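What the coordinates show
Chain by chain, the residues run as shown.
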Amino acid sequence: TIQVLDNTFIMKPRPSERFKQGEIKAIMDEVMESKLKSRKYEHDECVDLSKDISTEIKEKVKALGCKRHKLVVQVTIGEVHGQDVRLSSRCLWDVDTDNYASASFQNADLYCVSIVFGCYYE
């Protein structure tokens, strides 16, 4: 059977459902620190590691109660060789309801940048 839901016509998030940028950044910092603190850069391992980190961040952010936000988690891991790295993104969204959080981590061998985008949907 197919469940049919009526439209709620809720166009803005309730205060308890807003994208909690500070709390999300804290989650990202904690996950990256726990997974990467003593790691060395290994290309083959970092492919799976970035997936694991993004999945864990996404599950913990969902637990915060962002029920009406579509979440996109992007994790980039690279090797440190004294270079500079700049990441950027562009989004088309509603500045009143959508938001993002970003965090970075670096040790002697690798760097990691995580971004969580939260787009509100009805």
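Now for a description of the structure that goes with this document. (Residues numbered from 1 in each chain as written. Predicted model: local features only at pLDDT ≥ 70, side-chain atom pairs only at ≥ 80, totals over all residues. Heavy atoms only, no water.)

Next up on the list: the pairing of strand β2 (residues 99-106). Pairing between β2 and strand β3 (residues 110-120): eight bridges, direction antiparallel. Each bridged residue has a counterpart across the sheet, and for Asn99 the counterpart in β3 is Gly118. (Pairing = 2+ DSSP bridges. Helix = DSSP H or I, 4+ residues; strand = E, 2+ residues; numbered from the N terminus.)

Attention now moves to a negative patch on the surface. Together, Glu42, Asp44, Asp48, Asp52 and Glu79 make up a negatively charged patch on the protein surface. Among the elements that line the negative patch, the one with the most residues is helix α2 (residues 43-62), at three residues. Mapped onto the elements of the fold, Glu79 is located in strand β1 (residues 69-79). For Glu79, a relative accessible area of 32% translates into the label partly exposed. (Patch = residues over 30% accessible without salt bridge, like charges linked within 9 Å, V, L, I, M, F, W, Y side chains within 5 Å. Areas by Shrake-Rupley, 256 points an atom, 1.4 Å probe, with all protein chains shown as cover. Salt bridge = Lys/Arg side-chain N within 4 Å of Asp/Glu carboxyl O. Lys, Arg positive; Asp, Glu negative; His and termini not counted. Charge placed at Lys NZ, Arg CZ, Asp CG, Glu CD. Buried < 20%, exposed > 50% of the residue type's maximum accessible area, 1.4 Å probe, protein only.)

An α-helical turn contains 3.6 residues, so any two residues separated by three or four positions project in the same direction. Between the first and last C-alpha of α2 there are 29 Å, a value that for 20 residues agrees with the 28 Å anticipated at 1.5 Å per step. Three or more residues of α2 are buried, namely Cys46, Leu49, Ser50, Ile53, Ser54, Ile57 and Val61. Residues of α2 that are buried sit in contact with α1 (21-36), β1 and β3. (Expected span 1.5 Å × (residues − 1). Contact = heavy atoms within 4.5 Å.)

Taken as a whole, the largest pocket spans an internal volume of roughly 180 Å³. Taken together, Val80, Gly82, Gln83, Asp84, Val85, Ser104, Phe105, Gln106, Tyr111, Cys112 and Val113 make up the lining of the largest pocket. Elements that contribute at least two residues to the lining of the largest pocket include exactly β2 and β3. Grouping the amino acids of the lining of the largest pocket by side-chain chemistry returns six nonpolar, four polar and one charged. (1 Å grid on protein atoms, 1.4 Å probe; cavity = no way out; pocket = protein on both sides within 12 Å on 5 of 7 lines; lining within 4 Å. Points joined across faces, edges and corners; volume = space filled by probe spheres on them. Nonpolar A, V, L, I, M, F, W, Y, C, P; charged D, E, K, R; others polar.)

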